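Remarks on the overall topology
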Amino acid sequence: MTTDLTASARVRPDVAPIQRRTLSLLFGTQIIGGIGVTIGVAVGALLAARIAGTAVAGLTQSAAVVGAALLAIPITRITNGHGRRPGLAVAYLVGAIGAVLVVFAAATRSVPLLLLGSLLFGGGAAANLQARYAAVDLAEPARRGRQLALIVWATTIGAVAAPNFAALADTVTDGWGLPPLAGPYAFSAAAFVLAAGVLLALLRPDPLLTARRLEVTDTRSLRRPRRPNLRPADLRPADSRWPRRRWPAVAQGCGRLQVVRDRPPARLGVAAVAVGHAVMVAVMSMTPVRLGESHGDADVLRVVGIVLSLHIAGMYALAPLVGWLADRLGRRAVILGGVALLLAACAIAGTADHHTPQLTVGLVLLGLGWSGTMVGGSTLLSESVPATVRPSVQGFSDLTMGLAGASAAAISGFVMRAAGYPVLTLLAAIVAVPLVALALRRGPVGAPDRED
């Protein structure tokens, strides 16, 4: 007997149209949200530099990253209690409030307001990240990787299109009395409000709540008290500290760390997402500095733009292919492939010296490796925990990922200054190596890499 997402679509034919509708809505709102996030990020550093100088420009970007990580926790609390629809909508609305605060900060030249607005602006990015999990709540086991990757890929469309709208947004809002570079943030706020409105109005029935109802139905259909598909760790004796009730009470009584610790696939999923993101951010964030060492001021921005554009293409453009491989070859195989690409990227970029084409190849491979660990890890995590605790564990994963990326970005600057770019790539590669051992380690018999 299987539960929740492992059940065949033939058993419950009503799930298929709900999943198709969910994917269509998420795909559209990911494009809108991607435009909202990227159009603000495109001018954020320039706006901060004009208000308070170059030093603050870096702080605004860091604040947005940290904001996305910290907001994952309250958002998942809402999702856990009320479903995906209000959770995603609240995240977008928080991002819209942050964008409005940035506009006010530009008008008043207030640095504290700018940092607060940037922190809340991270809500848009948090919503885009959480949407990938909503794509697999009702997905068939054989298609989870592809459907999660499809939503990741949808962000690319908005991210690629948004920078082209920045100048238009600034021109349109110039007549509204807004200061220069504040217009894109006004457009970001509008995009976030639109995405929230579409989700609130149309994401019905809620995919997470539907998955939970199906899980309860399947659980009640079990005729014997002993469940052959549950691991011994999930069936604690009555005198233990665990409640005697089955899944709902047990899920409420255990914390996120306990759930992840008790499930090897979940541990691997969280680690793959966090480590892959940390390695990518550490190397990518210092690549413009490395390029600046070999190119003059007249060329460096153009070269950086080309290299980072190809890197972003590596991150997102092939996500559907990565998802298909995750479904065909398995989640662990894709995670291992992602780690191999990250190691190759560190080796190629670290030995490139000042050879820009080789450095570009390294950055493209870095993006592909990130895609492998992100898609494989997110899919594995989602299917390794029951629906009752899934949002909390997913929020914990996104928090870990965001803090890992922010820490990597902060440390990479000190390493770059003290030891140089080759040492930075070497240390990044060393960080990724333990993930290989974790991915090769199999759990005990009876604990498959899917939800029990």
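Because the structure is a prediction, the values reported are computed rather than measured.

Quick notes on the overall build of the chain
Summing up its helical and strand segments, the chain has 16 helices and zero strands in all. Per-residue burial over the chain gives 53% buried out of 452 residues. For the chain, the proportion of contacts with a sequence separation of at least 24, taken over those separated by at least 6, is 82%. For the chain, the exposed surface amounts to about 19,200 Å²; the carbon and sulfur share of it is 67%.

Structural notes on unusual backbone geometry
Looking along the chain, the bond that leaves Arg204 and enters Pro205 is cis, with omega of -5°. Checked against the element boundaries, Pro205 lands in the loop between helix H6 (183-202) and helix H7 (207-220). Residues other than glycine seldom take positive phi values, yet Asp353 does so here, at roughly 55°. If you trace the backbone, Asp353 turns up in the loop between helix H13 (331-350) and helix H14 (356-383).

So, the environment of Ala126
Mapped onto the elements, Ala126 comes out in helix H4 (residues 111-134). Separated by 58 residues in sequence, Ala126 and Ala68 have C-alpha atoms that sit 4.8 Å apart.

With respect to the packing of helix H10 (residues 264-292) against H14
Packing of H10 against H14 brings their axes to within 8 Å, and their N-to-C directions diverge by 160°. The angle between H10 and H14 places the two elements in the roughly antiparallel class. Crossing of H10 over H14 shows left-handed handedness. Tallied by class, the residues present in the contact of H10 with H14 amount to 18 nonpolar, eight polar and one charged.

Some words on helix H3 (residues 84-108)
Across its 25 residues, H3 extends 36 Å between first and last C-alpha, which sits within 8% of the 36 Å expected from 1.5 Å per residue. Where H3 terminates, the next one or two residues include Arg109, which has phi positive at roughly 55°.

A closer look at empty space enclosed by the protein
Applying the stated criterion across every chain, the model contains five cavities of 30 Å³ or more. One number sums up the size of the second largest cavity: a volume of about 60 Å³. Tallying contributions element by element places helix H2 (residues 54-82) first for the lining of the second largest cavity, with three residues. The class makeup of the residues in the lining of the second largest cavity is four nonpolar, four polar and no charged.

Regarding H4
Across its 24 residues, H4 extends 36 Å between first and last C-alpha, which sits within 8% of the 34 Å expected from 1.5 Å per residue. One side-chain oxygen of the residue at the start of H4 lies 3.3 Å from the amide nitrogen of Leu113, identifying that residue as Ser110.

Notes on the packing of aromatic side chains
Applying the stated criterion across every chain, the model contains five aromatic pairs. A centroid spacing of 5.5 Å and a plane angle of 55° characterise the contact between Phe121 and Phe192, whose relative ring orientation is tilted. Separated by 71 residues along the polypeptide, Phe121 in helix H4 and Phe192 in helix H6 bring together distant segments of the chain.

Topic: the side chain of Thr373
Relative to the helices and strands, Thr373 resides in helix H14. In contact with Thr373, other than residues within four places in its own chain, are Ala272, Val273, Gly276, Ile335, Gly338, Val339, Leu342, Ser378 and Leu435.

Overview of the side chain of Glu383
Among the secondary structure elements, Glu383 is positioned in helix H14. Given the relative accessible area of 3%, Glu383 is considered buried. A distance of 2.8 Å separates polar atoms of two side chains, one belonging to Glu383 and the other to Arg331.

Remarks on the environment of Thr373
On the basis of relative accessibility, which here comes to 1%, the residue Thr373 falls in the buried class. One polar contact links the side chain of Thr373 to the main-chain carbonyl oxygen of Trp370, over a distance of 3.0 Å.

Re the packing of H4 against helix H15 (residues 390-419)
Between H4 and H15, the least distance of the axes is 11 Å, while the angle of their chain directions is 140°. On the basis of the axis angle, H4 is oblique to H15. The element H4 and its partner H15 pack so that their crossing is right-handed. Side by side, H4 and H15 meet where Leu129, Gln130, Arg132 and Tyr133 of the first sit next to Gln394, Gly395, Ser397, Asp398 and Met401 of the second. Of the residues assigned to the contact of H4 with H15, the class counts are three nonpolar, four polar and two charged.

Some remarks on a nonpolar patch on the surface
A grouping of Phe165, Leu168, Val172, Trp176 and Phe187 is seen on the molecular surface, where their side chains present a nonpolar patch of about 490 Å² in accessible area. Among the elements that take part in the nonpolar patch, helix H5 (residues 144-172) stands out by supplying three residues, more than any other. Within the secondary structure, Phe187 sits in helix H6. Residue classification places Phe187 among the partly exposed positions, given a relative accessible area of 32%.

Calculation notes
- Residues numbered from 1 in each chain as written.
- Predicted model: local features only at pLDDT ≥ 70, side-chain atom pairs only at ≥ 80, totals over all residues.
- Heavy atoms only, no water.
- Helix = DSSP H or I, 4+ residues; strand = E, 2+ residues; numbered from the N terminus.
- Buried < 20%, exposed > 50% of the residue type's maximum accessible area, 1.4 Å probe, protein only.
- Contact = heavy atoms within 4.5 Å.
- Areas by Shrake-Rupley, 256 points an atom, 1.4 Å probe, with all protein chains shown as cover.
- Axes fitted to C-alpha atoms, helices over the stretch in contact; angles between N-to-C directions.
- Parallel < 35°, antiparallel > 145°, perpendicular 65-115°, else oblique.
- Left-handed = near helix turned anticlockwise from the far one by under 90°.
- Nonpolar A, V, L, I, M, F, W, Y, C, P; charged D, E, K, R; others polar.
- Expected span 1.5 Å × (residues − 1).
- 1 Å grid on protein atoms, 1.4 Å probe; cavity = no way out; pocket = protein on both sides within 12 Å on 5 of 7 lines; lining within 4 Å.
- Points joined across faces, edges and corners; volume = space filled by probe spheres on them.
- Polar contact = N/O pair within 3.5 Å; in protein donor to acceptor, adjacent residues only side chain to side chain.
- Phe/Tyr/Trp six-rings, centres within 6.5 Å; stacked < 30°, edge-to-face > 60°.
- Patch = residues over 30% accessible without salt bridge, like charges linked within 9 Å, V, L, I, M, F, W, Y side chains within 5 Å.
- Salt bridge = Lys/Arg side-chain N within 4 Å of Asp/Glu carboxyl O.

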